[in-house]
Amino acid sequence: MTVPTWGAWGARLRSQLTAARAQLVRWQGRPAGEEDPNRAAGGRPDPRRSLTWVPMFTGEVPAVDLRRPPWPGRRVEVGRGRVHVRETPSSSPLEAAPVVCVHGLAGSATNWTDLAGVLAVRHPTLAVDLPGFGRSEPPDDFGYRLDEHAAVLAETLRRLAKGPAHLVGNSFGGLVCAEVAARWPELVRTLTLVSPAVPDLRPNPGRLSEPRYPLTFLPVLGPRVRRALARVPPARRAEQLRQLCFARPELVPTHRLTELADELAELGRNPWAGVALGETSLHMIRSWLASGARSPWRVLRRVRTPALVVWGAEDRLVSVRKATRTALALPRARLLVLPRTGHVAQMEQPVAVGRAVLGMIDAVANGRWEPDGGNSPTSAADTRVGGNVLRA
């Protein structure tokens, strides 16, 4: 038997590396010799840039009309109940897969009004009210667990999308969308998570719109606190949410604050509203404590769909420090961190988020999305905002 020399091993290794790089060039669709934007000087892969390099759609998009009322909605029979969905038609003559948007806790389909208007340049949008939220009445035996919300969303996609859809979820809605992408990948083309509610157990009362809210879970005091919170005027609750969720609350137009207060007043008359918020919140926190396959971090690792993670640099509810770990947990993700933005980037920066979503969709269609080694679990990635670097 002939033992290879060190020179032979080196030549073989160089040959394999050359072949691998040529294959990567073919996957990315770049002509041979063209510089790879994911590589630093010297030809070595730059994991930070590959993770945070997000292609943005550069075509014309509609200007955001802050006077635009919420898009019209309808109730759709889904499984054992009915789900309320707001629909935004596309202005493009080309048929395209819909973008399906899912709100967070205390939110509703109206959270997507401005983003849906931006996406309409290419795609129709369906904004879903989860059971017990917005105008979706929950089935009598609905338990408000994460997997139950995901099952309802999956059935809604089968009913309305007529093929794989582009999923976008904010906060708790991000967890729901990730669960769907992990369990039913055939329903999802791309996944966008906007400040998803990944485990964040910081004991910080400043993360709550109402400091008394944790007391609602106590066995004796809880019912009394819930009744007291139910008496808080909708206008005050709307102002609390504005202060908590937006990095620049003073920029929220007064009429939008009035719209939110009116919606809170309407939804507060539903007998299930308080129960839905309390039970969903409790089950979300329980999911944070889950181990093994049910851990949210494990769920993210099972998502094989191209994914975009969007985070506000000034998010008070879920720290931007979770952004890098979230993106690295997703096998095919990139990360966009937006400055001067809080927990609801789709409402604060609808054009930026819209361009990022459309850019991802185009990049995936053209085979130019896959990161170049950027989301290895060992990558010491940074989150980049323009020319700045935020340590995550």
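In case you missed it, the structure is sitting above this.
In this text the structure is predicted, and so the values were computed from the model without any measurement.

> Sorry if this is basic, but what is going on with the overall build of the protein chain here?
Counting its regular elements, the protein chain contains 13 helices and ten strands. Within the protein chain, buried positions represent 51% of all 392 residues. Within the protein chain, contacts between residues separated by at least 24 positions form 75% of all contacts whose residues are at least 6 apart in sequence. For the protein chain, the exposed surface amounts to about 19000 Å²; the carbon and sulfur share of it is 55%.

> Help me understand the nonpolar core, please; the structure alone is not making it clear to me.
Generally speaking, nonpolar side chains in soluble globular proteins are found buried as a group. Grouped together as the largest cluster of nonpolar side chains are 61 residues, with contacts concentrated most on L153, L167 and V180. Aside from chain neighbours lying at most four places away, what touches L153 is V100, V102, V128, L167, V176, C177 and V180. One finds V99, L115, L308 and A356 within the second-largest nonpolar core, a separate group that totals 27 residues.

> For this particular structure, what's the right way to read the pattern of salt bridges?
Opposite charge on two side chains allows them to pair when their charged atoms are near. Tallying each qualifying case throughout the model produces 14 salt bridges. In this structure, D141 engages R80 in a salt bridge whose closest nitrogen and oxygen atoms are separated by 2.5 Å. Of this pair, D141 sits in the loop between β4 (125–128) and α4 (146–160) while R80 sits in the loop between β1 (73–78) and β2 (81–88), placing them 61 residues apart in sequence. Of the two residues, D141 and R80, both sit in the exposed class. Close ionic contact of R242 with E239 constitutes a salt bridge, the shortest N to O distance being 2.8 Å.

> For this particular structure, what's the right way to read the packing of aromatic side chains?
Where two aromatic rings form a pair, the distance of their centres and the angle of their planes describe that pair. Enumeration over the complete set of coordinates arrives at one aromatic pair. With a centroid separation of 5.1 Å and 90° between ring planes, the pair formed by F142 and Y144 is classed as edge-to-face. Each member of the pair, F142 as well as Y144, carries the same accessibility label: buried. The ring of W71 is capped by R68, whose NZ or CZ atom sits 3.5 Å from the centre of that ring. The lysine or arginine in question, R325, covers the ring of W297, its NZ or CZ lying 3.9 Å from the ring centre.

> Explain the sheet that holds strand β8 (residues 333–338) here, please?
Where strands meet in a sheet, backbone hydrogen bonds hold them as pairs that are either parallel or antiparallel. Taken in spatial order, the eight strands line up as β1-β2-β4-β3-β5-β6-β7-β8 in an open sheet, and their pairing is mixed. Only two strands of the sheet have a single partner each, and these edge strands are β1 and β8. Across the sheet, the mean angle separating the axes of adjacent strands is 25° when strand polarity is ignored. As paired strands, strand β6 (residues 188–194) and strand β7 (residues 307–312) are joined by four bridges and run parallel to one another. Bridge pairing in β7 links L191 to A307.

Parameters at a glance
- Counting starts from 1 at the beginning of each chain's written sequence and moves along it residue by residue.
- The model is predicted, so local features are restricted to residues of pLDDT at least 70 and side-chain atom pairs to those at 80 or more, both for listing and for counting; the totals for chains, interfaces and linings are taken over all residues.
- Water and hydrogen atoms play no part in the side-chain values, which are based on all heavy atoms of the structure.
- Comment: elements are numbered from the N terminus, with helices defined as DSSP H or I runs of at least four residues and strands as E runs of at least two.
- Under the scheme applied here, a residue whose accessible area is under 20% of the maximum for its type counts as buried, over 50% as exposed, and between as partly exposed, the area being computed with a 1.4 Å probe on protein chains only.
- The contact rule is simple, with two residues in contact once any of their heavy atoms fall within 4.5 Å.
- To be clear on the numbers: accessible area is Shrake-Rupley with a 1.4 Å probe, and residue cover counts the displayed protein chains and nothing else.
- Residue types Ala, Val, Leu, Ile, Met, Phe, Trp, Tyr and Cys, when buried and joined through side-chain atoms within 4.5 Å, form a set referred to as a nonpolar core.
- Salt bridge, as used here: a side-chain nitrogen of Lys or Arg that lies within 4 Å of a carboxyl oxygen of Asp or Glu.
- To pair, rings of Phe, Tyr and Trp, with the six-membered ring standing in for Trp, must have centres within 6.5 Å; the planes then decide the type, stacked if under 30 degrees apart, edge-to-face if over 60, and tilted in the middle.
- The criterion for a charge sitting over a ring is simple: Lys NZ or Arg CZ within 6 Å of the ring centre, and within 35 degrees of the ring normal.
- Any two strands are treated as partners once DSSP identifies two or more bridges connecting them.
- Axis geometry follows a simple rule: fit a line to the C-alpha atoms, using only the stretch in contact for helices, then measure angles between N-to-C directions, giving values from 0 to 180 degrees.

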